[in-house]
Amino acid sequence: MRIGILGTGTMAAALGEAWSRAGHELVVGGRSEAKALALAEKLGSSARAGTPREAVTERDAVLLAVLWDGVEDVLRSAGADEGTLAGTPLIDPTNAVEHGVGVLLTPTGVAAAQRIAELAPGAHVVKAFHLVPSSQWTDQGGSPVTVPMCGDDPRALRVAGELVRDAGGSPAVLGTLDRARQLEEVAGFAIGLAFGAVDPNSTIPRMPAPAVAP
């Protein structure tokens with residue numbers, strides 16, 4: 001696939017590395033041209049740096065991997081308000097939470113993913129990758145993880161699911177984008193516990209998978 005990456009941080013680098021290994025073509029665009037160049041060089045010959053607008057032009061999918069307070073700025077730089085992402089699967093791994101506390105920063109009942117959809121009219125937003133630390137995608141010997149996702153467009157969900165598998169994960173669709181707030185609350189819950197020195201994994205009961213009819 002031809003993948004655009006908006007962002008130059010740890011998640012952009014980790015997923016970019018995984019997708020580069022899988023043979024995808026990458027364009028990295030960020031608010032810092034120097035950082036975009038450095039990341040593209042690190043990712044190898046399958047990647048190049050560009051402006052945010054170049055990173056979203058004629059792409060099969062775009063990853064929005066910036067901190068929440070930079071989302072609006074980078075989408076504006078990419079021309080999202082002008083429709084440059086219309087029809088494109090836009091993967092959202094952001095966590096709009098208060099650092100160290102985990103309380104969501106978006107208004108009650110509103111998901112960050114829904115706000116992103118408003119900022120990028122016509123984009124097919126898929127919430128994914130926000131519950132898994134970036135180190136998961138660089139540790140090729142790590143245990144496989146399930147990546148819950150939600151979105152409204154079936155094709156965008158299929159594309160995101162393929163990229164999850166290419167990174168070494170297993171996709172699980174929770175539902176449409178109106179379930180994104182639920183996924184984001186789970187991230188806030190886990191972050192709050194982790195900063196309180198509690199392992200979030202220890203708080204989730206193991207439940208048997210439901211039997212599947214033959």
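None of these values were measured; they are calculated from a predicted model.

A.B. asks: Talk me through the UniProt feature "domain: Pyrroline-5-carboxylate reductase catalytic N-terminal" (unreviewed entry) in the protein chain; I want residue IDs and the actual numbers.
C.D. replies: Under the UniProt annotation, "domain: Pyrroline-5-carboxylate reductase catalytic N-terminal" (unreviewed entry) lies at residues 2-95. Helix and strand shares over residues 2-95 are 37% and 22% respectively, and the end C-alpha atoms of the span are 25 Å apart.

A.B. asks: I'd like a description of the nonpolar core, backed by residues and values.
C.D. replies: One finds Leu15, Trp19, Phe129, Trp137, Val147 and Met149 to be the most contacted residues of the largest nonpolar core, which totals 34 residues. Breaking this core down by element, the ones donating at least two residues are strand E1 (2-6), helix H1 (10-21), strand E2 (25-29), helix H2 (33-43), strand E4 (61-64), strand E7 (146-151) and helix H6 (154-167). For Trp137, the contacting residues outside a window of four places in its chain are Met11, Ala14, Leu15, Ala18, Arg21, Phe129, Val132, Val145, Val147, Ala167, Gly168 and Gly169. One finds Ala80, Ala123, Cys150 and Ala180 within the second-largest nonpolar core, a separate group that totals 25 residues.

A.B. asks: Please give an account of the pattern of salt bridges that cites residues and values.
C.D. replies: Enumeration over the complete set of coordinates arrives at 10 salt bridges. The partner of Asp92 in a salt bridge is Lys127, and the shortest N-O contact between them spans 2.9 Å. With a gap of 35 residues between them, Asp92 in strand E5 (residues 89-92) and Lys127 in strand E6 (residues 124-127) connect regions that are remote in the sequence. The exposure class assigned to Asp92 is buried, which follows from its relative accessible area of 0%. Glu185 serves as the salt-bridge partner of Arg181, at 3.2 Å between the closest nitrogen and oxygen. You can see Arg181 and its partner Glu185 sitting in helix H7 (residues 180-195), 4 residues apart, about one turn around the helix. The class for Arg181 is buried, based on a relative accessible area of 15%. Each member of the salt-bridge network shares a partner with another, and the members are Glu72, Asp73 and Arg76.

Conventions we followed
Residues numbered from 1 in each chain as written. Predicted model: local features only at pLDDT ≥ 70, side-chain atom pairs only at ≥ 80, totals over all residues. Heavy atoms only, no water. UniProt positions renumbered as here; feature names shortened; annotations may be inferred. Helix = DSSP H or I, 4+ residues; strand = E, 2+ residues; numbered from the N terminus. Core = buried A, V, L, I, M, F, W, Y, C linked by side-chain atoms within 4.5 Å. Buried < 20%, exposed > 50% of the residue type's maximum accessible area, 1.4 Å probe, protein only. Contact = heavy atoms within 4.5 Å. Salt bridge = Lys/Arg side-chain N within 4 Å of Asp/Glu carboxyl O.

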